[in-house]
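Here's the letter readout for the chains.
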Number of protein chains: 2
Amino acid sequence: MLIALDAMGGDHAPTINVEGAVETVKEQDGIDVILVGDDALIRQELQGKRFDPTRIRIIHASQVVEMYDSPSTALRKKRDSSIRVGIELVKTGVADAFVSAGHSGVVMATSKMVLGTSNGVDRPAIATLMPTLKDAFLLLDVGANVDCRPENLLQFGLMGNTYCRLVLGKTEPKVSLLSIGEEDIKGNELTKEAFKLLKNAPLNFTGNIEGKDIFSGRADVVICDGFIGNVVLKVSEGLAETILKMLKQEITAGSSGRIGYLMLKPALRNFKKRTDYDEYGGAPLLGINGACIISHGRSSAKAIKNALRVANNYSRMKVHEAISKDIENCSKSAAQV
Amino acid sequence: MLIALDAMGGDHAPTINVEGAVETVKEQDGIDVILVGDDALIRQELQGKRFDPTRIRIIHASQVVEMYDSPSTALRKKRDSSIRVGIELVKTGVADAFVSAGHSGVVMATSKMVLGTSNGVDRPAIATLMPTLKDAFLLLDVGANVDCRPENLLQFGLMGNTYCRLVLGKTEPKVSLLSIGEEDIKGNELTKEAFKLLKNAPLNFTGNIEGKDIFSGRADVVICDGFIGNVVLKVSEGLAETILKMLKQEITAGSSGRIGYLMLKPALRNFKKRTDYDEYGGAPLLGINGACIISHGRSSAKAIKNALRVANNYSRMKVHEAISKDIENCSKSAAQV
């Protein structure tokens, strides 16, 4: 598998991007990488690193998308950006997948324009894995679609289900709708209508799930519109950080606390690992006609490596084609009702 | 001040409700309590407790609203419930305020019907305090209005501002709109329109706030529709519990962890206190023409006591009248533009 990696995207680019690529080809057979971005900068980062040179290539891109660029500006004025060039490589079949830790809105808009949506998909969505006590669950949409119709939520459910089956290896994922009560009739206009559609879809739809239960591991896929998904994702990030800070304040304030804190460090490290974004690696764009994975802007080399692994699995399992089939099947079964 | 307390609402009623009332009259001058509910049950709970009998009265109510009752059923069929009787006591001027740890939807619907909304208020909202690293912030709406118009969000901002000034004692509360980006143009259709209204309102409006920043203490009041507010509230509850469970798992798994955990117990206790719902006591119904405070269903006696204290302050500061004035002022200033 040959994966195009945006070498210029993310807070620590190109250093950690190049590092992630080098570690990947060292550790994983079957994944080769194209580093897309400023040729000179990338060469500089590669200098002194030991790796098989046949497995990492560079393709130059003269522009970089900045976080303040709007998707429309990027599409019009940055046609030679690392994002655009990387996605074109997927379009032309040179690369099997694309990974970026850059501007997620621009990656989404560019993918949509260059690769198009999978057959039958109305709106692609960004899906992200979140940790629970048992396992992780897939939350979507987390920001691609801020205003949704019930049909969009149905498709998010179908796409999340396909991804969960093929990439996360769950045989019959439990798909739930994020709402403010478990009963069918609880929710807002959008979720109440979406509930009816999901109930009749060829899915293991387990009904509404409340915010307090999403981290229990009761659902494998949690569906919501992109505004709420983004709020949930960011509230969770912010709260987890705040709780750890508060705990540290309380611990170091006490006299025996300091020693306790030292003794606890291994546990805190394990905890961080379990909740660490880096472990999950990347958020797939579901519904795009090709494999595109977004990695967090704060990504480390490990996160990039994990995103490349996700991209590899996505492409190997031909998720975008499976999504088209599953959506078509759903339309057929709805037509028969 | 004489406050009507729903003796039958909440998971541990009437025991903790009666306990909370008794502790209140013992500790706080100026708050007398009417216990509303099953006379015999309440008498039984009061038995053996020492308190000034002139400061706690009982008013009998023959029915109890159950959590599975819908607001419409409760309104039609439970006209002698502790919730209904308690709110009628406010209406007739017998009590100055009402506190319930029962069915929040029924408390809201009954208050709206019996007391009505404050002059100028379109939709009342439920506001709740949430902990941050510095202080607490007020989040509203957290469930009264699942589908909102931009004008509703404007009024939530005005009402939250009034409450924050009068009851929480902040001179110029920082009011923010929950969204998915800080820039004006980020958000969904609802928040983008609400942003324009809030910008022109007589408020210290500090713009959009992202989910990851709400716990930083940057905002005193955070506005959103009731669906999102409820999701944020419940996600936060669920995540905080999950993080503590994960930490405990990790800590007790390690060999030195067990000792570390014992040494840490005081810190964990302090942390719990800082984030404990019970400390905040109660969520006011803002925009109702009278003082109604909702307490968590899982309330302890301490939570009830704190809710009575909040009700006392709310009533003393005549928040519902101030809200009417502030909304009228906003309409006037908008008319002059």
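Since the structure is predicted, the reported quantities are computational estimates derived from the model, not experimental observations.

## Points about the pattern of salt bridges
Okay, so step 1: Evaluated as defined, the whole model comprises 44 salt bridges over all chains.
Okay, so step 2: Residue D135(A) pairs with K170(A) through a salt bridge whose shortest N-O separation is 3.3 Å. Note that D135(A) is positioned in the loop between β5 (125-131) and β6 (136-140) and K170(A) in the loop between α6 (150-166) and β7 (175-179), a separation of 35 residues in sequence.
Okay, so step 3: Since its relative accessible area comes to 44%, D135(A) is described here as partly exposed.
Okay, so step 4: Between D220(B) and K170(B) there is a salt bridge, and its shortest N-O distance comes to 3.1 Å.

## Describing the side chain of N145(B)
Residue and element names in this part refer to chain B.
Okay, so step 1: If you trace the backbone, N145 turns up in the loop between β6 (136-140) and α6 (150-166).
Okay, so step 2: Side-chain polar atoms of N145 contact the backbone oxygen of P124, separated by 2.8 Å.
Okay, so step 3: Setting aside its immediate chain neighbours within four residues, N145 contacts R123, P124, A125, F156, D225, G226 and F227.

## Regarding the packing of α6(B) against helix α7 (residues 189-199) of chain B
Between two packed helices, the angle of one axis relative to the other and the distance separating the axes together describe the packing.
All names here are of chain B.
Okay, so step 1: Interaxial distance between α6 and α7 falls to 8 Å at its minimum, and their mutual angle equals 50°. When the interaxial angle is binned, α6 and α7 end up oblique. Both α6 and α7 take part in a crossing whose hand is right-handed. Counted together, P150, E151, L153, L154 and G157 of α6 and L190, E193, A194, L197 and L198 of α7 form the full contact between these two elements.
Okay, so step 2: For the contact of α6 with α7, a count of residues per class yields seven nonpolar, one polar and two charged.

## Topic: helix α5 (residues 104-114) of chain A
All names here are of chain A.
Okay, so step 1: Burial in α5 covers these residues: V106, V107, M108, A109, T110, S111 and V114.
Okay, so step 2: Contacts made by the buried residues of α5 are with α3 (71-77), α4 (82-91), β4 (97-100), β5, β10 (283-286) and β11 (291-294).
Okay, so step 3: Phi turns positive, to about 80°, at G116, one or two residues after α5.

## Some words on the sheet that holds β10(A)
In a beta sheet, neighbouring strands are held together by backbone hydrogen bonds and run either parallel or antiparallel to one another.
Residues and elements named next belong to chain A.
Okay, so step 1: Spatially, 11 strands are ordered β3-β2-β1-β4-β11-β10-β5-β6-β9-β7-β8 in an open sheet, and the strand pairing comes out mixed. Sheet topology places β3 (56-60) and β8 (205-210) at the edges, where each strand pairs with a single neighbour. Strand-to-strand twist across the sheet, computed as the mean angle between neighbouring axes with direction ignored, equals 30°.
Okay, so step 2: As paired elements, β7 and strand β9 (residues 221-223) share three bridges and run parallel to each other. Its bridge partner lying in β9, L177 is registered against I223.
Okay, so step 3: Relative to strand β2 (residues 32-37), helix α1 (residues 15-27) is tilted by about 165°, and along the sheet it contacts β1 (2-6), β2 and β3.

## Focus on unusual backbone geometry
All names here are of chain B.
Okay, so step 1: Cis geometry is found at the peptide bond from A13 to P14, where omega equals -5°.
Okay, so step 2: Along the polypeptide, P14 turns up in the loop between β1 (2-6) and α1 (15-27).
Okay, so step 3: The peptide bond linking L140 to D141 adopts the cis configuration, its omega dihedral lying at 0°.
Okay, so step 4: With respect to the helices and strands, D141 occurs in the loop between β6 and α6.

## Here we look at the nonpolar core
Okay, so step 1: Membership of the largest hydrophobic core comes to 93 residues, with the highest contact counts inside it found for L178(A), I214(A), L178(B) and I214(B).
Okay, so step 2: In this structure L178(A) touches T191(A), I209(A), E210(A), G211(A), I214(A), V222(A), I223(A), C224(A), I228(A), V232(A), F227(B) and V231(B), once residues within four positions along its chain are discounted.

## A short note on the domain arrangement of chain A
Residues and elements named next belong to chain A.
Okay, so step 1: With domains assigned, chain A is organised as domain 1 (1-121 + 287-318) and domain 2 (128-277).
Okay, so step 2: Computed from C-alpha atoms alone, the centre-to-centre distance between domain 1 and domain 2 is 26 Å.
Okay, so step 3: On the domain 2 side, the residues contacting the 13 residues of domain 1 number 10 residues.
Okay, so step 4: For the domain 1 and domain 2 pair, buried surface summed over both sides reaches about 960 Å², with 59% attributable to carbon and sulfur atoms.
Okay, so step 5: Its largest share of buried area at the contact with domain 2, domain 1 owes to H296, R298 and M317, together 40% of the area lost on that side.
Okay, so step 6: Seen at the junction of domain 1 and domain 2, the total is two salt bridges.

Analysis parameters
- Residues numbered from 1 in each chain as written.
- Chains lettered and ligands numbered in written order.
- Predicted model: local features only at pLDDT ≥ 70, side-chain atom pairs only at ≥ 80, totals over all residues.
- Heavy atoms only, no water.
- Salt bridge = Lys/Arg side-chain N within 4 Å of Asp/Glu carboxyl O.
- Helix = DSSP H or I, 4+ residues; strand = E, 2+ residues; numbered from the N terminus.
- Buried < 20%, exposed > 50% of the residue type's maximum accessible area, 1.4 Å probe, protein only.
- Polar contact = N/O pair within 3.5 Å; in protein donor to acceptor, adjacent residues only side chain to side chain.
- Contact = heavy atoms within 4.5 Å.
- Axes fitted to C-alpha atoms, helices over the stretch in contact; angles between N-to-C directions.
- Parallel < 35°, antiparallel > 145°, perpendicular 65-115°, else oblique.
- Left-handed = near helix turned anticlockwise from the far one by under 90°.
- Nonpolar A, V, L, I, M, F, W, Y, C, P; charged D, E, K, R; others polar.
- Pairing = 2+ DSSP bridges.
- Core = buried A, V, L, I, M, F, W, Y, C linked by side-chain atoms within 4.5 Å.
- Domains from an automatic or database assignment.
- Buried area = accessible area lost by both parts, 1.4 Å probe.

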